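Fold and contact review
Letter by letter, the chains look like this.
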Amino acid sequence: TSNYRKVIIFTNNQGVHMINLSTVLGNIVKSIVDHPDKVVITEHTEGDEVLLTLTVAEEDVGMVIGKHGKIAKAMRTVMTTVAKIDNRKVTVEIK
């Protein structure tokens, strides 16, 4: 578990340990798509708000969204919960 924590925890410029939301989302998405090497996540942070833009291979979009958007909703719920640990707000946009 210590290796896992090193991947998702980082220290910000004020010396505070924070969760790397991009890495958490990337780990989730790469585990469900057929082309994990084509997963790209861009992060834009403004204050305590984080926008994560997720891009996957065209043939993997359906896997990421799921039937009736259930997978996408579940990922957003997990990401919201993880972000709350650091008192941040996250938006996950799928392209």
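The present account deals with the structure reproduced in this document.

Quick notes on the overall build of the protein chain
If you tally the helices and strands in the protein chain, you get four helices and five strands. Order of helices (α) and strands (β) in the protein chain, N terminus to C terminus: α-β-β-α-β-β-α-α-β. Within the protein chain, contacts between residues at least 6 apart in sequence are counted, and of these 49% link residues at least 24 apart. Accessible surface, the protein chain as shown: approximately 6300 Å² in total, 54% of it carbon and sulfur.

Brief notes about the sheet that holds strand β5 (residues 89–94)
To summarise the sheet geometry, strands pair through backbone hydrogen bonds and adopt either a parallel or an antiparallel arrangement. An order of β3-β4-β5 is seen for the three strands of this open sheet, with the pairing classed as mixed. The open sheet has two free edges, formed respectively by β3 (40–46) and β5, since each of these has just one partner strand. In this sheet, neighbouring strand axes are inclined to one another by 20° on average, regardless of whether the strands run parallel or antiparallel. Two strands pair when backbone bridges link them, and strand β4 (residues 49–55) and β5 are joined in this way by six bridges, in the parallel orientation. The partner of T53 across the bridge, within β5, is E93. Sheet strands touched by helix α2 (residues 21–30): β3, β4 and β5. Its angle to β4, the strand with the most contacts, is close to 30°. Packing of helix α4 (residues 70–85) onto the sheet brings it into contact with β4 and β5, and relative to β5 it is tilted by some 155°.

Rules used throughout
- Residues numbered from 1 in each chain as written.
- Predicted model: local features only at pLDDT ≥ 70, side-chain atom pairs only at ≥ 80, totals over all residues.
- Heavy atoms only, no water.
- Helix = DSSP H or I, 4+ residues; strand = E, 2+ residues; numbered from the N terminus.
- Contact = heavy atoms within 4.5 Å.
- Areas by Shrake-Rupley, 256 points an atom, 1.4 Å probe, with all protein chains shown as cover.
- Pairing = 2+ DSSP bridges.
- Axes fitted to C-alpha atoms, helices over the stretch in contact; angles between N-to-C directions.

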